[in-house]
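Structure assessment
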Amino acid sequence: MVSSPSPASPDGGKDSNLMRRILGLGFWVQGFRCLPWLAINFFLKDGLNVDPSTLQLLQNSANLPMVGKPLYGVVSDAVYISGQHRIPYIAIGAFLQAASWLAIAILSPSGISIFTLSLCLLLSNLGASIAEVANDAIVAEIGKELTMPPKTSQSSSSGEIQSFVWIASSAGGVLGNLLGGIAINRYAPQAIFLFFSLTVALQLFITITVHESSLDLPKSSSRVGIRKQLSELSVALQKPEIAYSIAWLAASNAIIPALTGTMFFYQTEHLHIDSSVLGISKVFGQAAMLLWSIIYKLYLKSVPSKKLIAGIQGVMAVFMLSDLLFVKGVYRNMGVPDSFYVIVFSGLLEVLFFFKILPFNILIAQLCPSGCEGSLMALVASANALSFIVSGYLGVALSSCVGVTSSDLSGFPQALLIQALCTLVPIYWASCIPDDKKSKTSAKNE
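Under an unreviewed UniProt entry, the protein chain has the name Folate-biopterin transporter 7 and belongs to Salix suchowensis. In its Subcellular location (unreviewed entry) section, the UniProt record describing the protein chain reads: "Membrane". Its UniProt record, at the heading Sequence similarities (unreviewed entry), says of the protein chain: "Belongs to the major facilitator superfamily. Folate-biopterin transporter (TC 2.A.71) family."

1. Some details on the nonpolar core
Ranked by size, the top nonpolar core spans 56 residues in total, and within it Ile40, Trp101, Leu117, Leu121, Tyr266, Phe326 and Phe412 carry the most contacts. If one sorts the elements of this core by residue count, helix α2 (residues 34-47) sits on top with eight residues. Leaving out residues up to four positions away in the same chain, Phe326 has contacts with Tyr266, Leu271, Tyr331, Arg332, Asp338, Tyr341 and Val342.

2. Focus: a nonpolar patch on the surface
Taken together, the side chains of Leu321, Leu417, Leu421, Leu424, Val425, Ile427, Tyr428 and Trp429 define a hydrophobic patch exposed on the protein surface, amounting to about 720 Å² of accessible area. Residue position: Leu417 is located in helix α18 (residues 412-424).

3. A word on the environment of Leu23
Examined against the element boundaries, Leu23 turns out to sit in helix α1 (residues 12-32). Discounting chain neighbours no more than four positions away, the residues touching Leu23 are Asn135, Ile138, Val139, Ile142, Ile161 and Val165.

4. Side note on the packing of α2 against helix α7 (residues 160-183)
Orientation of α2 relative to α7, taken along the N-to-C sense of each, is 35°, at an axis distance of 8 Å. Here α2 runs over α7; the crossing is right-handed. Residues Cys34, Leu35 and Leu38 of α2 lie in contact with α7, whose contacting residues are Gly172, Gly173, Gly176, Asn177, Leu179, Gly180 and Gly181. Considered class by class, the residues forming the contact of α2 with α7 number four nonpolar, six polar and no charged.

5. A look at the packing of helix α3 (residues 52-61) against helix α11 (residues 260-270)
As a packed pair, α3 and α11 sit with axes 8 Å apart at the nearest point and diverge in direction by 130°. With respect to each other, α3 and α11 are oriented oblique. Read as a crossing pair, α3 and α11 show a hand that is right-handed. Touching Pro52, Leu55, Gln56 and Gln59 of α3 are Thr260, Gly261, Thr262, Phe264 and Phe265, all from α11. Of the residues assigned to the contact of α3 with α11, the class counts are four nonpolar, five polar and no charged.

6. Quick notes on the pattern of salt bridges
As a working rule, side chains carrying opposite charge can pair if their charged atoms are close by. Throughout the structure, instances matching the rule amount to six salt bridges. Put simply, Arg33 and Glu132 hold a salt bridge, and the shortest N to O gap is 3.7 Å. In this pair, Arg33 is assigned in the loop between α1 and α2 and Glu132 in helix α6 (residues 114-147), connecting sequence segments 99 residues apart. Summarising the burial analysis for this pair, Arg33 and Glu132 share the class buried. One salt bridge in this structure joins Glu132 and Lys69, with 2.6 Å as the shortest N-O distance. Taken together, the positions of Glu132 in helix α6 and Lys69 in helix α4 (residues 69-78) put the pair 63 residues apart, joining distant regions of the chain. No difference in accessibility class separates Glu132 from Lys69, as the two residues are buried.

7. Points about unusual backbone geometry
The phi dihedral of Ser82 is positive, around 55°, even though this residue is not glycine. Looking at the element boundaries, Ser82 is found in the loop between α4 and α5 (87-106). Overall, the relative accessible area of 58% leaves Ser82 in the exposed class. Phi at His272 takes a positive value of approximately 55°, unusual for a residue other than glycine. As for its position among the elements, His272 is in the loop between α11 and α12 (275-300). For His272, a relative accessible area of 62% corresponds to the exposed category.

8. Some remarks on the environment of Ser110
Its place among the elements puts Ser110 in the loop between α5 and α6. Of the residues examined, Ser110 reaches a relative accessible area of 73% and is grouped as exposed. A C-alpha to C-alpha distance of 8.6 Å links Ser110 and Gly47, two positions 63 residues apart in sequence.

Reading guide: rules and limits
Residues numbered from 1 in each chain as written. Predicted model: local features only at pLDDT ≥ 70, side-chain atom pairs only at ≥ 80, totals over all residues. Heavy atoms only, no water. UniProt positions renumbered as here; feature names shortened; annotations may be inferred. Core = buried A, V, L, I, M, F, W, Y, C linked by side-chain atoms within 4.5 Å. Buried < 20%, exposed > 50% of the residue type's maximum accessible area, 1.4 Å probe, protein only. Helix = DSSP H or I, 4+ residues; strand = E, 2+ residues; numbered from the N terminus. Contact = heavy atoms within 4.5 Å. Patch = residues over 30% accessible without salt bridge, like charges linked within 9 Å, V, L, I, M, F, W, Y side chains within 5 Å. Areas by Shrake-Rupley, 256 points an atom, 1.4 Å probe, with all protein chains shown as cover. Salt bridge = Lys/Arg side-chain N within 4 Å of Asp/Glu carboxyl O. Axes fitted to C-alpha atoms, helices over the stretch in contact; angles between N-to-C directions. Left-handed = near helix turned anticlockwise from the far one by under 90°. Nonpolar A, V, L, I, M, F, W, Y, C, P; charged D, E, K, R; others polar. Parallel < 35°, antiparallel > 145°, perpendicular 65-115°, else oblique.

This is the structure:
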């Protein structure tokens with residue numbers, strides 16, 4: 001499946017450029033995945049006529065393969081394919097995504113069932129999670145190498161590769177949401193699914209033409225088996241600064257009942273917001289993520305992670321209270337158009353959840369012991385995915401408790417108030433996150 005090895009270039013810049021192209025493409029496709037998922041929302045609502053709770057259950061259940069990322073990370077770290085343990089897994093992930101979205105595209109719209117659709121979505125996310133694990137492991141390995149002595153002059157570059165892939169992912173998200181907002185009113189959802197399938201197939205063909213040796217990745221002193229890899233991961237998790245940080249990140253998301261399905265129905269069915277406005281809203285959010293990565297790289301890297309992440313959590317709560325005023329019609333009475341609020345505020349709130357991931361990933365990469373980068377970063381991603389799934393299920397339960405349905409949204413403001421209050425709770429646990437100075441000292445003593 002993978003081409004024969006090619007000698008690594010003596011030109012370090014060439015290796016670096018090739019590595020950046022592979023990572024840039026991988027994370028760009030990762031961001032571009034929003035294109036078919038935006039179409040899936042309308043396909044479920046209009047094509048299969050599901051209610052808000054069912055829509056949110058399907059959205060979150062489809063993310064279950066993401067919880068298995070630690071296993072994929074351990075396998076990626078320990079099991080080599082043709083002498084490689086990153087590139088082949090990126091290719092496998094791209095193949096699974098291309099196959100699943102192609103299946104959804106060619107199935108008859110009238111004959112497809114929710115069960116069949118769910119299986120395809122699960123397969124797609126399985127492929128995406130495998131590819132993301134391999135990409136994240138490469139980023140962790142490179143980031144670890146940049147922060148190790150004697151490259152003290154590069155100490156400020158530990159977050160540069162993270163910022164680069166964040167920008168690539170955001171750029172893919174901007175384009176995907178922009179195309180989705182335009183295409184949904186002009187093309188059938190199956191055409192969008194087919195287009196994305198061909199895009200991932202292109203990534204597959206590009207990836208299999210590259211041999212891992214040409215990327216000049218840091219070399220491990222020896223290969224270890226899966227059992228040994230699990231043992232090293234267990235040792236890493238025994239470090240309080242690592243275990244507590246991951247626990248805080250997961251809890252800070254899981255404790256918030258997500259109401260995305262209800263908000264989607266409120267905006268499209270009650271306010272009759274056009275799909276193009278929703279697409280532009282998501283583009284605005286992705287552009288905000290892109291701007292956030294640039295601002296962080298230029299101005300915020302010296303800010304302690306604990307203060308930055310806790311501050312973002314507080315801003316999220318403020319935006320959720322703003323949603324409550326939006327649903328109550330306060331902004332509408334002030335003359336603010338609903339479409340403007342959806343584009344700006346809803347777009348920002350949707351991505352605020354991910355703002356804290358950039359500084360958190362940089363912190364974890366610094367703390368990560370050598371040799372289990374893939375496993376630990378995969379565990380972080382898995383904990384994050386599981387927390388969002390729990391958040392989604394809690395949102396469904398909350399909507400049911402307050403009596404929210406597709407035809408009755410009278411309890412929606414009450415649900416939004418509870419959501420905002422839950423968002424504030426993790427701020428009191430922010431002491432679980434180590435300060436940057438402390439974490440750098442710990443990494444130095446490894």
